[in-house]
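# Structural overview for review
Here are the chains, one letter per residue:
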Amino acid sequence: MTLSGVARVAFVGSRRIFASHLPSMQSYTPAFSRQGIVCQMSVGMKSVTDRLRDSGLLRTQGLIGGKWIDAYDGKTLEVHNPATGEVIANVSCMGGKETKDAISSAFDAFNSWSKLTAAERSKGLRKWYDLLMAHKEELGQLITLEQGKPLKEAVGEVDYGAKFIEFYAEEAKRVYGDIIPATLPDRRIFVLKQPVGVAGAITPWNFPLAMITRKVGPALACGCTVVLKPSEFTPLSALAAAELALQAGIPPGVVNVVMGNAPDIGDALLTSPQVRKITFTGSTAVGKKLMAGAAGTVKKVSLELGGNAPCIVFDDADLNVAVNGALAAKFRNSGQTCVCANRVLVQEGIYEKFADAFSKAVKNLKVGDGFGEGVVQGPLINKAALEKVETFVEDAVSKGAKVLLGGRRHSLGMTFYEPTVLSNVKSEMLVSREEVFGPVAPLLCFKTEEEAIHMANDTNAGLAAYIFTNNLQRTWRVSEALEYGLVGVNEGLISTEVAPFGGVKQSGLGREGSKYGMDEFLEIKYVCLGDMNRK
Ligand code: NAP
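Notes on the structure in this doc start here. (Residues numbered from 1 in each chain as written. Predicted model: local features only at pLDDT ≥ 70, side-chain atom pairs only at ≥ 80, totals over all residues. Heavy atoms only, no water.)

Attention now moves to the overall build of the protein. Scanning the protein from terminus to terminus reveals 16 helices and 22 strands. Against the compact-globule benchmark of 24 Å for 535 residues, the protein has a radius of gyration of 24 Å, which places it among compact chains. The dimensions of the protein, computed from C-alpha atoms along their principal axes, are 85 × 65 × 40 Å. A total of 535 residues make up the protein; the buried ones form 57% of that total. Sequence-distant contacts, at least 24 apart, represent 73% of the contacts inside the protein between residues at least 6 apart. Mean positive and mean negative side-chain charge positions of the protein (59 and 56 charges, respectively) differ by 4 Å. (Helix = DSSP H or I, 4+ residues; strand = E, 2+ residues; numbered from the N terminus. Rg over C-alpha atoms; globule rule 2.2 N^0.38 Å. Buried < 20%, exposed > 50% of the residue type's maximum accessible area, 1.4 Å probe, protein only. Contact = heavy atoms within 4.5 Å. Lys, Arg positive; Asp, Glu negative; His and termini not counted. Charge placed at Lys NZ, Arg CZ, Asp CG, Glu CD.)

Next comes the structure, spelled out in structure tokens:
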């Protein structure tokens, strides 16, 4: 990595700080991946990026009003491959000024986009879906490059992400209003649903494509226009998706993308009266800030925030189903999803058997660069994520947890961490209280159903929960008692575009996916038609 040009960044915590914000270049600390090592682009990565560039999908500028644009001050920021530390690209590092222009272009485009017929908007979305699918392999490679997840999983994300566009292309045609029986004989009461306006969409790095389509799909279907801010760690997938939206004929200004200085971009979105909606996926801490910031202009807000998912295995569960389900729920994306099982609660009668079978299954998970054959566990996104996992494991061990498997950095180096199973974990340990966001499965033992429900609900989070049982009555009892927005019964992978996704308590507000996802981008208008009897 070179320090030349404007791409001078350092990691402070998990965040990149732009060199111009640092007191002097002496204070520059090479980022985690570099640890004093000058990175060259490997032949393998070069051939992937060359192919992506040839297909026009390796975009590095922001998109404002249909034009690809540099940051106004020319600043860029580096995007790294977390598996190798190599710089994949330098992208425009934008801020408040560019965001204001993106808002203006979205505001102008709203006029015409919202007035198209639903069928016309639907056609544009459908074409976008077709293009996403036609470029599934390249988009998958881009996700693996910038996010690190194994290629097969990345291609799966493209499938999953594209399906939101397909689903909302169909749903665009079903924004029905209502007619309410009037209370007076000369009145008629109508209910219309109309697009809310310009939406500011802020997305995280763990699903660089799907978190975008899950927001932009319903927004566009309803007639809204969007200013999108992807994570600085993974902007390339968002830019590629935006390029395909343009190719699909979605008019300029309907989808705008800015990335770079998150607080400045966030402030511009929050303070603009032209932005009528904030849709955010990310950490609870940032979600709270955005919610407070949106109060100034009383925007509609939806938040998809962090979780602390319990995965409850009852004595009567099928052991194989429980092991496979817990494995999928825990280790997808190396444990870096909001719905990842964060605590595995196992009933005392099956505890030892489960711990043994689960550890054996975890031992078989192959760790490596996401492009490697048979790899199912990639690196963590950055050094801060790695250190967080280490801290959580150390805390647990210091308080009496036992390491059944893993428990340390992987010999591959970088940000790879060994898939880990901890037993004898207690509710007060960090690993039970907060999202570990890494490949660590803490096993906690419980005696009764009541105790399991109490332990599961003893958190401020309320996104996903999983239960494994063969008892039908228990299935319903426990599903109803869990204070969570999603419950998987004998199933560890439950996300789909056709079902409502979202949390309760401090895991969020609103729902994404399904017909309910449309409501987040619609206003309800009541029209009263008076004096029907006038001649
Ligand atoms: P994050 O730090 O909250 O970042 C999410 C997004 O917010 C990024 O685009 C980030 O930009 C931006 N951001 C940060 N500070 C901001 C500010 N002051 N103003 C405006 N935007 C700001 O979360 P993350 O680490 O990327 O993602 C992991 C978290 O997301 C986990 O807690 C996970 O559970 C949650 N998540 C939830 C769901 C769900 O559906 N409920 C789905 C996926 C992930 P930069 O990256 O450019 O700084």
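Before going further, it helps to examine unusual backbone geometry. Although it is not a glycine, Val298 adopts a positive phi angle of roughly 45°. With respect to the helices, strands and loops of the structure, Val298 is situated in the loop between α9 (284-294) and β13 (300-304). For Val298, a relative accessible area of 65% puts it in the exposed group. Not every positive phi belongs to a glycine, and Asn424 is a case in point at roughly 60°. Tracing the backbone shows Asn424 in the loop between β17 (420-423) and α13 (430-433). Given a relative accessible area of 38%, Asn424 falls into the partly exposed group.

Before going further, it helps to examine the packing of aromatic side chains. Counted according to the given criterion, the structure contains six aromatic pairs. Where Phe167 meets Tyr168, the ring centres are 5.1 Å apart and the plane angle is 85°; that geometry is what we call edge-to-face. When its relative accessible area of 14% is taken as the criterion, Phe167 is described as buried. Here Trp205 and Phe437 contribute two aromatic rings whose centre-to-centre distance is 5.8 Å and whose plane-to-plane angle is 85°, an arrangement assigned as edge-to-face. With a gap of 232 residues between them, Trp205 in the loop between β9 (198-202) and α6 (210-222) and Phe437 in the loop between α13 and β18 (440-446) connect regions that are remote in the sequence. (Phe/Tyr/Trp six-rings, centres within 6.5 Å; stacked < 30°, edge-to-face > 60°.)

Sheet architecture is open: three strands sit in the order β7-β8-β22, paired in antiparallel fashion. The open sheet has two edge strands, β7 (178-180) and β22 (522-529), and neither has a second partner. Here the average twist between neighbouring strands, direction ignored, is 25°. (Pairing = 2+ DSSP bridges. Axes fitted to C-alpha atoms, helices over the stretch in contact; angles between N-to-C directions.)

Before going further, it helps to spend a moment on the sheet that holds strand β15 (residues 341-347). Taken in spatial order, the seven strands make up an open sheet running β16-β17-β18-β15-β14-β19-β20, and their pairing is mixed. Unpaired on one side and paired on the other, β16 (402-405) and β20 (486-489) mark the two borders of the sheet. Sheet twist, expressed as the average angle between the axes of neighbouring strands with direction ignored, equals 25°. Pairing analysis gives four bridges linking β15 to β18, with the strands arranged parallel. By the bridge assignment for β18, Gln347 is matched with Phe446. Lying on the sheet, helix α10 (residues 319-331) is in contact with β14 (309-313), β15, β17, β18 and β19 (464-468); it crosses β19 at an angle near 165°.

On to the nonpolar core, then. Ranked by size, the top nonpolar core spans 67 residues in total, and within it Trp128, Leu132, Leu220, Leu236 and Ile250 carry the most contacts. Looking at this core element by element, the count peaks at nine residues for helix α5 (residues 151-171). Not counting chain neighbours up to four residues away, the residues in contact with Leu236 comprise Leu58, Arg59, Val79, Ile88, Ala89, Val91, Leu142 and Glu146. (Core = buried A, V, L, I, M, F, W, Y, C linked by side-chain atoms within 4.5 Å.)

Quick look at the pairing of β20 now. Side chains Leu486 and Gly488 of β20 all project onto a buried face; the interleaved residues Val487 and Val489 project onto a face where none is buried. Where β19 meets β20, four bridges bridge the pair, whose relative direction is parallel. Along β20, the bridge assignment pairs Ile467 with Val489. Handedness of the β19-helix α15 (residues 472-481)-β20 crossover: right-handed. (Right-handed = clockwise from strand over helix to strand, strands pointing away.)

Attention now moves to the side chain of Thr234. Tracing the chain through its elements places Thr234 in the loop between β10 (225-229) and α7 (235-247). A relative accessible area of 1% places Thr234 in the buried class.

For the coordinates displayed, the defined rule picks out 22 salt bridges. One salt bridge in this structure joins Glu157 and Lys149, with 2.6 Å as the shortest N-O distance. There is no split in this pair, since Glu157 and Lys149 are both buried. The network of salt bridges with shared partners includes Asp316, Glu449, Arg474 and Arg477. (Salt bridge = Lys/Arg side-chain N within 4 Å of Asp/Glu carboxyl O.)

Turning our eyes to something else, we now look at the packing of helix α3 (residues 118-134) against α7. As a packed pair, α3 and α7 sit with axes 8 Å apart at the nearest point and diverge in direction by 130°. Judged by the inter-axis angle, α3 sits oblique to α7. Pair α3 / α7 crosses with right-handed handedness. Touching Lys127, Trp128, Leu131 and Leu132 of α3 are Ala241, Leu244, Ala245 and Gln247, all from α7. When its residues are assigned to classes, the contact of α3 with α7 shows six nonpolar, one polar and one charged. (Parallel < 35°, antiparallel > 145°, perpendicular 65-115°, else oblique. Left-handed = near helix turned anticlockwise from the far one by under 90°. Nonpolar A, V, L, I, M, F, W, Y, C, P; charged D, E, K, R; others polar.)

Residue placement: Pro263 occurs in helix α8 (residues 262-271). Exposure remark for Pro263: the relative accessible area of 54% places this residue in the exposed category. Spatially, the C-alpha atom of Pro263 lies 16 Å from that of Pro235, the residues being 28 residues apart in sequence.

Moving on, we get to α10. Between its first and last C-alpha, α10 extends 18 Å over 13 residues, near the 18 Å set by a 1.5 Å rise per residue. Taken together, the buried positions of α10 are occupied by Ala322, Val323, Gly325, Ala326, Leu327, Ala329, Lys330 and Phe331. One side-chain oxygen at the N-terminal end of α10 lies 3.0 Å from the backbone nitrogen of Asn320; it belongs to Asp318. Of the residues flanking the end of α10, it is Asn333, one or two places downstream, whose phi is positive at about 55°. (Expected span 1.5 Å × (residues − 1). Polar contact = N/O pair within 3.5 Å; in protein donor to acceptor, adjacent residues only side chain to side chain.)

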